[in-house]
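The primary structure of each chain is shown beneath.
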Amino acid sequence: MINKALNHLEELLVTFLMGGATVIIFVAVLHRYLAGVEIPGLQDWLLTLNFGWAQELCIIMFVWMAKFGAAYGVRTGIHVGVDVLINRLDESKRTKFIIFGLLAGALFTGTVATLGGRFVWENGAHYAIFNFFGMAGEDLFEGPTTPDLEWPTWAVYSAIPLGSSLMCFRFLQVAWDFIKTGELPHHDHGHVDGLEEEHVPVDVDVYSMDDNLHPHDLKHEMVGERRDGGDRRQTKAAVAEERRGGADRRNGNGDRGDKQ
Amino acid sequence: MNALVIFGLLAALMLTGMPVSISLGLTVLTFLFTMTQVPLESVALKLFTGIEKFEIMAIPFFILAGNFLTHGGVAKRMINFATSMVGHWYGGLGLAGVLACALFAAVSGSSPATVVAIGSILLPAMVKAGFPNRFGAGVIATSGALGILIPPSIVMVMYSVATNTSVGALFMAGVIPGLVLAATLGGVTWFRAKKNNYPRQPKASWAQRWVAFRRSVWGLLLIVVVMGGIYTGIFTPTEAAAMSAVYAFIVAVFIYKDMGLKDVPKVLLNSANMSAMLLYIITNAVLFSFIMTNENIPQALADWMLGHGLGMITFLLVVNVLLLLAGNFMEPSSIVLIFAPILFPVAVKLGIDPVHFGILMVVNMEVGMCHPPVGLNLYVASGITKMGITELTVAVWPWLLSMLVFLGVVTYWPTMSIWLPKTLGMM
């Protein structure tokens with residue numbers, strides 16, 4: 001329940017930041033050129049507007065998007081790695097490596113969240129929060145502000161502790177699910193549908209194909225062939241045979257088959 | 001010594017299969033806690049300021065633009081236009097596929113996206129027209145690689161971020177090699193089709209060509225917006241990327257109407273997901289190169305290499321081999337972000353032009369995308385055709401071989417890359 005709300009909030013935030021930043025830069029560029037055109041009335045009004053802050057706001061929005069999007073990316077399993085070797089291991093060894101990788105992710109993001117949190121606290125959050133409750137101390141550091149928008153930097157930088165904590169939580173969540181079910185997250189629309197289909201789904205994701213940039217989970221089946229190293233020089237007939245076999249298996253265990 | 005420990009640790013962590021970004025970050029953290037005096041605060045700050053450059057923001061914008069363009073409309077009309085122009089020659093639809101990929105590459109900055117956009121429409125059509133499955137898959141998987149050579153290109157933005165080279169000059173430098181590679185791939189297609197006598201399309205009249213051109217003109221105009229905008233200085237590359245994202249949105253939703261307004265949030269979320277993944281690698285790669293610079297490792301490596309009498313020719317050969325090997329394990333963005341900061345100082349000391357070096361890296365990345373085990377283009381093509389990777393590997397080899405020859409030419413003939421930006425006065 002809470003998890004679902006968190007998922008939605010995360011998606012909403014990331015979508016909004018992506019769209020918002022695009023619109024802001026578009027409007028700022030448009031403004032720069034329209035203000036140079038002599039249209040009575042409109043030009044005067046445009047000249048009163050100042051878009052000097054657009055670039056800075058765009059950067060801030062994208063950095064926030066990057067931090068929270070990276071957390072969302074853990075949930076969708078988009079982060080690329082070097083999985084050529086572990087994908088050739090047998091299942092029990094691969095399981096260990098996958099869990100190790102996920103926990104390493106949690107360790108790194110957890111550490112960064114702590115470091116970032118301390119940094120934000122010492123650079124103004126402490127002052128701002130204590131001031132808000134009317135108990136400001138003399139020796140607290142107010143912290144710098146950003147150059148154009150003059151926002152306190154601690155608020156801007158709080159993307160690091162917030163985003164990294166969320167990412168840490170996501171890594172633990174994915175690890176837990178993997179231990180329980182043996183499945184890693186993959187995008188539902190990752191596979192472009194077969195030859196009959198001419199329309200690409202709107203959210204096709206080229207990074208979630210069957211490549212070796214992501215670990216294969218325990219329920220993984222290759223498209224078109226099974227890969228176990230030895231049979232790489234198959235004749236055409238054998239490949240075709242494999243493909244038929246692969247399709248049957250897919251439909252049989254109902255893993256990816258039912259999505260296609 | 002420190003360098004060995006750092007790279008050893010990084011390689012070990014990466015081979016366990018954890019995300020590249022996490023292995024970069026953990027290497028940095030381990031190094032910080034055990035071997036150096038760099039204050040932790042400066043690292044926390046770097047996590048934010050590492051991607052606080054406006055140039056980097058071109059990446060999410062180009063991804064967004066590409067995602068708007070992928071959905072049918074623009075790609076379909078470009079294919080029709082290409083078919084009307086070259087479809088009657090040997091190779092017919094295959095040749096049209098190369099041309100369509102080149103056109104789409106000029107509006108999109110990503111290779112796999114080009115394969116998805118062109119392949120999902122053209123490959124079924126090619127099978128219907130009587131081409132063997134392998135031929136079509138081979139053409140599209142390799143031609144899709146043009147996506148990162150013909151500007152705009154996300155990999156070029158990554159290179160410019162890692163080495164502070166001008167994005168505009170890099171984009172311009174990609175134009176001529178891109179056209180040459182397209183011609184080479186087209187030549188291979190033509191030759192193979194002629195040998196096997198594959199079907200050809202009926203010749204289109206000039207009136208039909210004009211109609212096809214007019215229908216595809218909204219997509220083609222985007223080339224003018226991006227390249228013209230950057231060249232004339234109307235936009236910075238990032239602004240051009242933002243403009244192309246808005247333009248692509250308008251074309252997809254209001255002009256070609258392949259996509260409803262209700263699909264827009266999905267596209268935004270999907271683009272954000274992909275961009276955030278790349279930006280996260282950048283953040284950690286920036287941390288990594290910050291630590292390396294702090295320890296003077298690139299300089300030490302450069303001195304060591306030069307001390308062993310490494311000439312320009314040997315160095316470029318070593319770079320090519322190194323990058324081609326790396327292409328067996330990693331995807332292009334990570335390779336560029338990790339290797340460019342290390343190799344770049346050496347290249348500069350040897351008097352290699354930064355822009356030429358960038359193009360060389362990009363072409364290496366293209367080759368890596370077209371062969372297993374991690375070639376994204378192959379996996380996308382496999383997703384579309386449902387062919388196995390082994391079969392696809394066999395299918396792409398004629399084009400891949402010509403691409404390797406092309407790589408040799410790019411490596412040892414810098415004029416091809418730097419003539420255009422020099423002539424235009426961009427470098």
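This section reports on the structure supplied with the text. What you are looking at is a predicted structure, and each value in this text was computed from that prediction instead of being measured. (Residues numbered from 1 in each chain as written. Chains lettered and ligands numbered in written order. Predicted model: local features only at pLDDT ≥ 70, side-chain atom pairs only at ≥ 80, totals over all residues. Heavy atoms only, no water.)

**Observations concerning the overall build of chain A**
Thought 1: Helix and strand content of chain A: 7 helices and 0 strands.
Thought 2: Helices (α) and strands (β) of chain A occur, in sequence order from the N terminus, as α-α-α-α-α-α-α.
Thought 3: Looking at chain A as a whole, 48% of its 260 residues qualify as buried.
Thought 4: The contacts of chain A with a sequence gap of at least 6 include a subset with a gap of at least 24, amounting to 69%.
Thought 5: Of the roughly 13,200 Å² of accessible surface on chain A, 62% is carried by carbon and sulfur atoms. (Helix = DSSP H or I, 4+ residues; strand = E, 2+ residues; numbered from the N terminus. Buried < 20%, exposed > 50% of the residue type's maximum accessible area, 1.4 Å probe, protein only. Contact = heavy atoms within 4.5 Å. Areas by Shrake-Rupley, 256 points an atom, 1.4 Å probe, with all protein chains shown as cover.)

**Points about the overall build of chain B**
Thought 1: Summing up its helical and strand segments, chain B has 20 helices and 0 strands in all.
Thought 2: In terms of C-alpha radius of gyration, chain B reaches 22 Å, essentially the compact-globule figure of 22 Å for 427 residues.
Thought 3: Reported as C-alpha extents along the three principal axes, the dimensions of chain B are approximately 70 × 45 × 45 Å.
Thought 4: The 427 residues of chain B split such that 66% are buried.
Thought 5: Carbon together with sulfur atoms contributes 70% to the accessible area of chain B, which is approximately 13,700 Å² in total.
Thought 6: Across chain B, 20 positive and 12 negative side-chain charges occur, with their mean positions spaced 22 Å apart. (Rg over C-alpha atoms; globule rule 2.2 N^0.38 Å. Lys, Arg positive; Asp, Glu negative; His and termini not counted. Charge placed at Lys NZ, Arg CZ, Asp CG, Glu CD.)

**Structural notes on the packing of helix α7 (residues 111-129) of chain B against helix α8 (residues 133-143) of chain B**
All names here are of chain B.
Thought 1: Two elements in contact, α7 and α8, have axes whose closest approach is 10 Å; the angle formed by their N-to-C orientations is 160°. By the angle class used here, α7 and α8 are roughly antiparallel. When the axes of α7 and α8 are compared, the crossing they make is right-handed. Side by side, α7 and α8 meet where Val115, Ile118, Gly119, Leu122, Leu123, Met126 and Val127 of the first sit next to Asn133, Phe135, Gly136, Ala137, Ile140 and Ala141 of the second.
Thought 2: Broken down by class, the residue content of the contact of α7 with α8 amounts to 10 nonpolar, 3 polar and no charged. (Axes fitted to C-alpha atoms, helices over the stretch in contact; angles between N-to-C directions. Parallel < 35°, antiparallel > 145°, perpendicular 65-115°, else oblique. Left-handed = near helix turned anticlockwise from the far one by under 90°. Nonpolar A, V, L, I, M, F, W, Y, C, P; charged D, E, K, R; others polar.)

**Comments concerning the side chain of Ser108(B)**
Residues and elements named next belong to chain B.
Thought 1: With respect to the secondary-structure elements, Ser108 resides in the loop between α6 (92-105) and α7.
Thought 2: Here Ser108 falls in the buried class, since its relative accessible area comes to 1%.
Thought 3: Within the local environment of Ser108, its side chain forms a polar contact with the backbone nitrogen of Ser110, the two atoms lying 3.3 Å apart.
Thought 4: Those residues within four positions of Ser108 in sequence are excluded, and the remaining contacts are Ala113, Thr114, Gly147, Ile150 and Pro152. (Polar contact = N/O pair within 3.5 Å; in protein donor to acceptor, adjacent residues only side chain to side chain.)

**Considerations on the side chain of Ser153(B)**
Residues and elements named next belong to chain B.
Thought 1: Structurally, Ser153 is set in the loop between α8 and α9 (154-163).
Thought 2: Accessibility expressed as a relative area gives 0% for Ser153, which makes it buried.
Thought 3: A polar contact of 2.8 Å, which involves the side chain of Ser153, links it to the backbone oxygen of Ile148.
Thought 4: Among all residues touching Ser153, those that are not within four sequence positions of it are Gly109, Gly147, Ile148 and Phe171.

**Examining the interface of chain B and chain A**
Thought 1: Taken together, the contacts link 91 residues of chain B with 87 residues of chain A.
Thought 2: Summing both partners gives a buried area of about 8,000 Å² for chain B against chain A, and 74% of it is carried by carbon and sulfur.
Thought 3: Applying the counting criterion to the chain B and chain A interface returns 1 salt bridge.
Thought 4: Taking the shortest distance from any N to any O, the salt bridge between Glu239(B) and Arg32(A) comes out at 2.9 Å.
Thought 5: Linking chain B with chain A are 5 residue pairs in polar contact (both at pLDDT 80 or more). (Buried area = accessible area lost by both parts, 1.4 Å probe. Salt bridge = Lys/Arg side-chain N within 4 Å of Asp/Glu carboxyl O.)

**Notes on the packing of helix α1 (residues 2-34) of chain A against helix α3 (residues 54-76) of chain A**
All names here are of chain A.
Thought 1: Two elements in contact, α1 and α3, have axes separated by 9 Å at closest approach and are oriented at 150°. Looking at the two axes, α1 sits roughly antiparallel to α3. Between α1 and α3 lies a crossing of left-handed hand.
Thought 2: When its residues are assigned to classes, the contact of α1 with α3 shows 19 nonpolar, 4 polar and 3 charged.

**Here we look at helix α1 (residues 2-15) of chain B**
Residues and elements named next belong to chain B.
Thought 1: Taking 1.5 Å per residue as the helical rise, α1 with its 14 residues ought to reach 20 Å, and the 20 Å between its terminal C-alpha atoms agrees with that figure.
Thought 2: Buried residues along α1 sit against α2 (20-35), α13 (264-294), α14 (297-307) and α16 (332-349).
Thought 3: Backbone geometry just after α1 places Gly17 at a positive phi near 90°. (Expected span 1.5 Å × (residues − 1).)

**Things to note about the pattern of salt bridges**
Thought 1: For the structure shown, the criterion picks out 8 salt bridges over all chains.
Thought 2: For the salt bridge of Lys93(A) with Asp90(A), the shortest nitrogen-to-oxygen distance reads 3.9 Å.
Thought 3: Of the residues examined, Asp90(A) reaches a relative accessible area of 43% and is grouped as partly exposed.
Thought 4: Across the pair Asp263(B) and Lys262(B) runs a salt bridge, and its minimum N-O distance is 4.0 Å.
Thought 5: For Asp263(B), a relative accessible area of 13% translates into the label buried.
Thought 6: Three or more residues are tied together by salt bridges with common partners; here these are Glu10(A), Glu11(A), Arg75(A) and Arg170(A).

**Considerations on the packing of aromatic side chains**
All names here are of chain B.
Thought 1: Considering all chains together, one arrives at 17 aromatic pairs over all chains under this definition.
Thought 2: Ring centres 6.2 Å apart and planes at 75° place the aromatic pair Phe7 and Phe288 in the edge-to-face group. Note that Phe7 is positioned in helix α1 and Phe288 in helix α13, a separation of 281 residues in sequence.
Thought 3: Its relative accessible area of 3% is what places Phe288 among the buried residues.
Thought 4: Each residue in the set Phe131, Phe135, Tyr198 and Trp399 is aromatic and connected to the rest through ring pairs, giving one cluster.
Thought 5: Here the guanidinium or amino end of Arg200 rests over the ring plane of Tyr90, the centre of that ring lying 4.2 Å away. (Phe/Tyr/Trp six-rings, centres within 6.5 Å; stacked < 30°, edge-to-face > 60°. Lys NZ or Arg CZ within 6 Å of the ring centre and 35° of its normal.)

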